[in-house]
Amino acid sequence: MFELLGISPQALFGQLLIGLINGSFYAMLSLGLAVIFGLLNIINFTHGAQYMMGAFCAWFLLEYSGLGYWWALLVAPIVVGLTGVIIERLFLKHLYKLDHLYGLLLTFGIALIVEGLFRNKFGSSGQPYRIPGELLGGQNLGFMFLPNYRAWVVVASVVVCLATWYVIERTKLGSYLRAATENPSLVQAFGINVPRMITITYGFGVALAAFAGVLAAPIYQVSPQMGSNLIIVVFAVVVIGGMGSILGSIVTGFGLGVIEGLTKVFYPEASNTVIFVVMGIVLLIKPAGLFGRAH
Amino acid sequence: MVDVTNGRLVDPATPATRHQQIAFVVMLACLLGAPFVAYPIFLMKALCFALFACAFNLLVGYAGLLSFGHAMFMGSASYICAHAAKVWGLPPELAVLTGTVVAAALGLVTGALAIRRQGIYFAMITLALAQMIYFFCLQAKFTGGEDGIQKVPRGHLFGMIDLGNDLTLYYVVLVVFLFGFLAIYRTIHSPFGQVLKAIRENEPRAISLGYKTEHYKLIAFVLSATLAGLAGATKAIVFQLASLTDVNWPMSGEVVLMTLLGGLGTVFGPVAGAFIVIALESYLAQLGAWVTIVQGLIFAVCVLTFRRGVIGEFGRMLKRTL
Amino acid sequence: MKITRSLMLAAVVALTAGTAQAQLTNGEIKIGVMNDMSGLYADLGGPGSVVAAQLAAEDYAAAGGKTKISIIGGDHQNKPDVGSSLARQWYDADGVDVIVDVPTSSVALAINQVAAEKNKVFLVSGAATSDLTGKACTPNTIHWTYDTWMLANGTGKAIVQSGGDSWFFLTADYAFGHALEADTSAVVKANGGKVLGAVRHPLNTADFSSFLLQAQASKAKIIGLANAGGDTINAIKQSSEFGVVQGGQNLAGLLVFLSDVNSLGLKTAQGLILTETWYWDMNDNNRAFTKRFAAKNGGKYPTMAHAGVYSSLSHYFKAVDALKADGDGKVVVAKMKEMPTDDPLFGKGVVRKDGRKIHPAYLFEVKKPEESKYPYDYYKLKATIPADQAFRPLNEGGCPLVSG
């Protein structure tokens, strides 16, 4: 059957695996977006720029203080997460009462500012960042040669995604967050500091983006435009998965990575657009997304 | 006037006032004299974008529908017009007409699909559709991909007026812009426009009053798409080029920027916004990335403290809607 | 009366000033350097090209040239609409006489049009498409440095003849990539090789993993990279990640600049075969120029595009001096084609009827890290392609200026 499709099973499995690897980035980024939208009702357009800042932070750490990849995985999300907290405190806070499209416009503006500043300093061509020594090389799987680093990316993102899902859906902290979104005044009346929870949640979503950025640094170019190239696709993933659904964005992220990978085999020119086709179809049939609840 | 800070995107407008008529005369006078003080190509670019922004404003400011895919109308009309003028050899007025008609048809199809949803979902559907149009333009042979359609002839309008002369072309473009602008103006201040505003303010109530809101929204969408297409097709003749920039999502973002800066839901806002943004881009073009930074700052400042936009604030000072 | 006489004198002066043919527009030569100033092609051209233009102006003045020269730079952001409206503004409103450099073939084609319309001069150094001297040729444009035909016949032919006879292409999905793939496929087949397949990737692709997988599955001996700039760099970096070379295949970078090799580093780029028409370390003239250039360009060494800017402008100055006028683009370009070229960087050469500048091409191989003794010591020379064979024959291009 495979021969009819013009491709051998080995090649197909190889592409599926690659698709899964790309899907891990989509999953992590859309997870951060879904957390922020689901719990805060903010459409965080700055997400792509924050992903880029994570990658640059890793590069800075290596260039100027010799701290390597493993340190960056820890430090970059914290640093970028803090900038997220500052943005939320200074700017986003004022927009909660308004139509949530204003939040989108503001975060879009901030994304432009951040990208412009980095582009001004570094130009658009990328900075190099080495794959850490421990993860060099790869395994010959028979149907393809799998670089160790890429396997690590899948593992890391699955772990992070599942951990986030667990915290939000299964722990007390998570239940406070979810309650605070549904009925902030009531939860505040119970003595929980709702504004602080909101700030922390935004910071956490941003930190997820930065973590994805550090993971991306060794394999994609660390360039100011890396975020804006990706953000539109990630939005599509979130919308398809269901804008508030954590599980939805994880599953959809990996799933769409695989679909994109398959498209690259059969019709590579369309690989950038297949996600939008899927989004259009899903929106027309099930507007709240595959896993979403109508708001 | 409803205060913008209570969460609504825009203010409702009152019927045509004397102040608006004065503003129109002022604008007309400035535009008539402009080519003698500024570079005509720059002015024509600003006029095309002003028309694009006005068309966009009709949808977002008066019907309350924020579309993220408006570039697809401008871009597709631009390509069709360029192709019609260059390959089919149509005279400029027919080429522009062809482009506009195609944009209208596209507006009908995409509008029918998108209108079914509201708010952010509507915006996302328009974005998805726009990206698909972008992909089509990227792949289709006739668009020339990254090269675009180049060497589009300016031609002779009605077989008589040579559009090769920049000054002549400027006045032709001005006429086109005024036509579009007045069309929007009439629409806003007509019973149809009033129904649109009612739908924007409170759709369930409008439905309960017996209005088929879906039809009204679709008509507004198609009108907006048509005029955006007119802007795009005219631009293709002016620059003698149709390229992917016109159909890509940052272009949709630009028109949001212009309308926001000028003032959502004001009549003259998009015109002012378009001129300011185009002027800024020309002025800052030397400085590369600073254009992006300034655009971002404008977005941020407008959303945080300047929500009525330039014309909106000006109008508020005069206590009139402009 | 005195007033009428001075009025008449003023009128006469005004009339003669109006005939731009006979003198320099605005009394000077104004050069517009347009390229990608901050994007993926900023290193091969970018601000460095402005430096190259300045050095050309300095050397002209040092050699006794009297005309005033002013230079401005502009960013086309790799977009034809931005480039063409900037070109219009420069030519119409800012008094620019000649535009130079312009990498990105789609932009170059657009400006090619504008220059012909406004009857100004366009000296292309950075762009690749051989259409500029083919079906899109005009009497106002000269294509310097290199083009896609030369690349295909340089790198492609050499690799096939040295045993790389089965190819798989990774092609940037736009006109430049298609042209490069088509030209190189033709050369491969003409020399007894086979093309096993090709895959087209969108411009500005960050992740080549699935395309590389397909290339590996094809088992072609050579993976031809019909792309440039950031795409080429990404493809090369990721192919080392996926063990392409260990698996027994080799990469052919069809368009690679010194700046790309610098970005990649020798560890990753070693063994790459490429064709360029100018390398900084080939002779003393080049080395001297490089020293001056690097001092003004933050230590970065010049690429062949930079050298092309210098060389094309030096020849332009000579032509304008001979004519004592720069207003009529066609006339200046005709003069540049009439005079043989001679400058410190490209040596002696000629500009053909179709606007193609002719000079030899060089096949280089990137050195291994241990072979490199000093900064930017990246290339070893494998072969020299003589000038009369390096570029497409005059009658094969389809240029209207040639066939009449």
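So, here's what we can say about the structure. (Residues numbered from 1 in each chain as written. Chains lettered and ligands numbered in written order. Predicted model: local features only at pLDDT ≥ 70, side-chain atom pairs only at ≥ 80, totals over all residues. Heavy atoms only, no water.)

Quick look at the pattern of salt bridges
Okay, so step 1: In the structure shown here, the tally under the stated rule is 29 salt bridges over all chains.
Okay, so step 2: With its nearest N and O atoms 3.0 Å apart, the salt bridge here joins Asp207(C) to Arg150(A). Remark: Arg150(A) occurs in helix α6 (residues 148-170) and Asp207(C) occurs in the loop between β7 (194-201) and α7 (209-218); the pair is interchain, linking two chains.
Okay, so step 3: The class for Arg150(A) is buried, based on a relative accessible area of 0%.
Okay, so step 4: In this structure, the salt-bridge partner of Glu117(C) is Arg88(C), at a minimum N-O distance of 3.5 Å. With Glu117(C) in helix α4 (residues 105-118) and Arg88(C) in helix α3 (residues 80-92), the pair connects residues that are 29 residues apart, well separated along the chain.
Okay, so step 5: Residue classification places Arg88(C) among the buried positions, given a relative accessible area of 2%. (Salt bridge = Lys/Arg side-chain N within 4 Å of Asp/Glu carboxyl O. Helix = DSSP H or I, 4+ residues; strand = E, 2+ residues; numbered from the N terminus. Buried < 20%, exposed > 50% of the residue type's maximum accessible area, 1.4 Å probe, protein only.)

Brief notes about unusual backbone geometry
Residues and elements named next belong to chain C.
Okay, so step 1: Of note, the phi angle at Asn78 is positive, near 65 degrees, even though the residue is not glycine.
Okay, so step 2: Mapped onto the fold, Asn78 is located in the loop between β2 (68-75) and α3.
Okay, so step 3: Despite not being glycine, Tyr376 has its phi angle at roughly 65 degrees, a positive value.
Okay, so step 4: Along the chain, Tyr376 falls in the loop between β14 (361-366) and β15 (379-385).

Some points on the packing of helix α3 (residues 47-65) of chain A against helix α9 (residues 194-216) of chain A
All names here are of chain A.
Okay, so step 1: Following both chains from N to C, one finds α3 and α9 inclined at 55 degrees, their axes separated by 7 Å at the closest point. When the interaxial angle is binned, α3 and α9 end up oblique. Along this stretch, α3 crosses α9, giving a crossing that reads as right-handed. Taking contact as the criterion, the partners of His47, Gln50, Tyr51, Gly54, Ala55 and Ala58 in α3 are, on α9, Tyr202, Gly205, Val206, Ala209, Ala210, Ala212, Gly213, Val214 and Ala216. (Axes fitted to C-alpha atoms, helices over the stretch in contact; angles between N-to-C directions. Parallel < 35°, antiparallel > 145°, perpendicular 65-115°, else oblique. Left-handed = near helix turned anticlockwise from the far one by under 90°. Contact = heavy atoms within 4.5 Å.)

Remarks on the interface of chain A and chain C
Quite often, the size of an interface is put as the accessible area lost when its parts meet.
Okay, so step 1: Contact with chain A, which involves 23 residues of that partner, is made by 23 residues of chain C.
Okay, so step 2: With both sides pooled, the region where chain A packs onto chain C buries about 2,100 Å², and carbon together with sulfur makes up 51% of that total.
Okay, so step 3: The three residues of chain A that bury the most area against chain C are Phe145(A), Gln221(A) and Lys264(A), which together make up 23% of that side's buried surface.
Okay, so step 4: Between chain A and chain C we count two salt bridges in total.
Okay, so step 5: Linking Arg150(A) and Glu241(C) is a salt bridge whose minimum nitrogen-to-oxygen distance equals 2.8 Å.
Okay, so step 6: Our count for the chain A to chain C interface comes out at five residue pairs in polar contact (both at pLDDT 80 or more).
Okay, so step 7: Contributions of two or more residues to the side of chain A that touches chain C are made by α2 (9-40), β2 (145-147) and α11 (246-266) of chain A.
Okay, so step 8: When residues of the side of chain A that touches chain C are assigned to their parent elements, the largest contribution, four residues, is made by α2(A).
Okay, so step 9: The class makeup of the residues in the side of chain A that touches chain C is 10 nonpolar, nine polar and four charged. (Buried area = accessible area lost by both parts, 1.4 Å probe. Polar contact = N/O pair within 3.5 Å; in protein donor to acceptor, adjacent residues only side chain to side chain. Nonpolar A, V, L, I, M, F, W, Y, C, P; charged D, E, K, R; others polar.)

Any functional reading would require information that these geometric values do not contain.
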